[in-house]
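Here is what each chain is made of, one letter per residue.
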Amino acid sequence: MNILFVDQKSSTPYDSAIMRREAVGGTEASLVTVAEGLAATHRVAVVQLGRQQPVEFSPSLRYLPLHSPHPFGNQPADAVVILRRIRAIPAYRRRFPQARIHVWLHNWQRPEVVLKRGILARNHCSLITVSDALLQDTDRLINGWPARLLVSCIGAGGRVPIRRIYNPVDIKPPAEPVNVDHDRLIFFSTANKGLKQVLEAFATVHAAFPTMRLEIAGSTQAGLQKQVPDCTRRPGINFLGRIPRQELLARVQTSLCVFYPQATHPETFGLVFAEANAVGTPVLAHDFGSAAEILQDPAQLVNAHDHTAILERIKQWRSGDRPQVGRRDEFRPRAVINQWRQLLEIDQPPARKP
């Protein structure tokens, strides 16, 4: 089977080699892991907006510029997986009329997505979400009563199939216990994901424990300045920037917790949550979006507006009563790849001609 992944958004190229030396976003890292897993039994091509030169990792795995005309030589794609962009569907349906087409959603959908259900229905496409929380929210918009009303008015097709497949967490749990620095918290996400509120909560923690530090990774200096201009001048703040994944995970593993009490940006999956737990580090997060689904242990959930509760949790964890966490079996790459294979090889009937 020839499987084509399409990323029309990322402005920079990414692949497994780049991931080893540079910081890569969670969506992009997930795609690389899935593509590599499927390439063990299928031919896989990944086309990317930001890539200028093709690279071939094996005869069955290639990364190509977005507009490469023949990703599989003289053969068509059997399955096309488009990241995020529903509006890209018609172009790929015209190129590959017999292919099964899926849109892989990593972001919350706006209400106007209901207007795109006609594109999905006419082109016989399905949606893939990365959590049950995202599936339920997307299904409400795509297949809820406003969508049904649209169907009755303009004939936008029947129910759009939606399936959940978790993102893979390609991290092996630590072989031996590590020394945890009880004075160090870490935030590793982009600054727009509630960092301002996180810093307000940390100010309360730092006032009670002046030796505590909050390390901030995942943002560029420009991104940090845009969201919180005076961030690096605040007491206890250590800005790390965008650092390679292994270096980042080593710091996460030895931190007291991932400090994420923000109620402004709900996660659709939360690779931050899953990766932190995989290396044995708990997360302190607000209960919204996918947080409860991915973290599971309620000890990791807190009201981000309640600084007293946040401080009490930090006191408790500093005293040695941290939650025991680890990687969940559902997030193992093998389990995730098996779900992708079931979707691409078994579940869907052949596409009909548009």
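Residues numbered from 1 in each chain as written. Predicted model: local features only at pLDDT ≥ 70, side-chain atom pairs only at ≥ 80, totals over all residues. Heavy atoms only, no water.

This next bit is on the overall build of the protein chain. The helix and strand tally for the protein chain stands at 13 helices and 13 strands. For 354 residues, the compact-globule estimate of 2.2 N^0.38 gives 20 Å, and the C-alpha radius of gyration of the protein chain, at 22 Å, lies within 12% of that figure. Expressed along its principal axes, the backbone C-alpha trace of the protein chain runs to roughly 65 × 50 × 35 Å. Sequence separation of 24 or more characterises 70% of the internal contacts of the protein chain that already satisfy a separation of 6 or more. When the accessible surface of the protein chain is split by element, carbon and sulfur atoms take 51% of a total near 15,900 Å². One finds the centroid of the 44 positive side-chain charges in the protein chain at a distance of 8 Å from the centroid of its 31 negative side-chain charges. (Helix = DSSP H or I, 4+ residues; strand = E, 2+ residues; numbered from the N terminus. Rg over C-alpha atoms; globule rule 2.2 N^0.38 Å. Contact = heavy atoms within 4.5 Å. Areas by Shrake-Rupley, 256 points an atom, 1.4 Å probe, with all protein chains shown as cover. Lys, Arg positive; Asp, Glu negative; His and termini not counted. Charge placed at Lys NZ, Arg CZ, Asp CG, Glu CD.)

This brings us to the environment of isoleucine 18. Following the sequence through the fold, isoleucine 18 ends up in helix α1 (residues 16-21). Isoleucine 18 sits 226 residues away from proline 244 along the chain, and the two C-alpha atoms are 9.4 Å apart. With near-sequence residues (within four places) excluded, isoleucine 18 lies in contact with Pro13, Val24 and Arg51.

Judged by pairing direction, the sheet is mixed, and its 8 strands sit side by side in the order β3-β4-β2-β1-β5-β6-β7-β8 without closing on themselves. Bordering the open sheet on either side are β3 (55-58) and β8 (162-164), each of which pairs with just one other strand. Each strand of the sheet is rotated relative to its neighbour by a mean of 20°, with strand direction disregarded. Across 4 bridges, strand β6 (residues 100-104) lies against strand β7 (residues 125-129) in parallel orientation. In the sheet register, tryptophan 104 faces β7, and the bridge partner there is isoleucine 128. (Pairing = 2+ DSSP bridges. Axes fitted to C-alpha atoms, helices over the stretch in contact; angles between N-to-C directions.)

With that settled, consider the pairing of strand β5 (residues 79-83). Burial runs high along β5: 5 of the 5 residues are buried. Taking every second residue as pointing to the same face, both faces of β5 are buried, with Ala79, Val81 and Leu83 on one and Val80 and Ile82 on the other. Pairing of strand β1 (residues 2-7) with β5 involves 4 bridges; the strand directions are parallel. Each residue of the ladder has a partner; that of isoleucine 3, found in β5, is alanine 79. In the sheet, β5 pairs with β6 via 5 bridges, with the strands oriented parallel. Each residue of the ladder has a partner; that of leucine 83, found in β6, is tryptophan 104. As a crossover connection, the stretch from β5 through helix α3 (residues 89-95) into β6 is right-handed. (Buried < 20%, exposed > 50% of the residue type's maximum accessible area, 1.4 Å probe, protein only. Right-handed = clockwise from strand over helix to strand, strands pointing away.)

Here 5 strands make up an open sheet; going across it, the order is β11-β10-β9-β12-β13 and the pairing parallel. Unpaired on one side and paired on the other, β11 (237-241) and β13 (283-285) mark the two borders of the sheet. Ignoring which end each strand starts from, the neighbouring axes of this sheet average 25° apart. With 5 bridges connecting them, strand β9 (residues 181-188) and strand β10 (residues 213-217) associate as parallel partners. Along β10, the bridge assignment pairs phenylalanine 187 with isoleucine 216. Docked against the sheet, helix α10 (residues 271-278) engages β9, β12 (255-260) and β13, running at close to 155° with respect to β13.

The next point concerns the nonpolar core. Membership of the largest hydrophobic core comes to 109 residues, with the highest contact counts inside it found for Phe5, Phe259 and Trp340. If near-sequence neighbours (up to four positions away) are discounted, phenylalanine 5 is found in contact with Leu31, Val34, Ala35, Leu38, Val44, Ala45, Val46, Val47, Val81, Trp104 and Trp340. (Core = buried A, V, L, I, M, F, W, Y, C linked by side-chain atoms within 4.5 Å.)

Their axes nearest at 9 Å, the elements helix α7 (residues 195-208) and helix α12 (residues 307-318) cross at an angle of 55°. With respect to α12, the element α7 is oriented oblique. As α7 runs across α12, the sense of the crossing is right-handed. Of the residues in α12, those touching α7 at Glu200, Ala201, Thr204, Val205 and Ala208 are His307, Ile310, Leu311 and Ile314. Classifying every residue of the contact of α7 with α12 gives 6 nonpolar, 2 polar and 1 charged. (Parallel < 35°, antiparallel > 145°, perpendicular 65-115°, else oblique. Left-handed = near helix turned anticlockwise from the far one by under 90°. Nonpolar A, V, L, I, M, F, W, Y, C, P; charged D, E, K, R; others polar.)

Take it as geometry only, folks, not as evidence of what the structure does.
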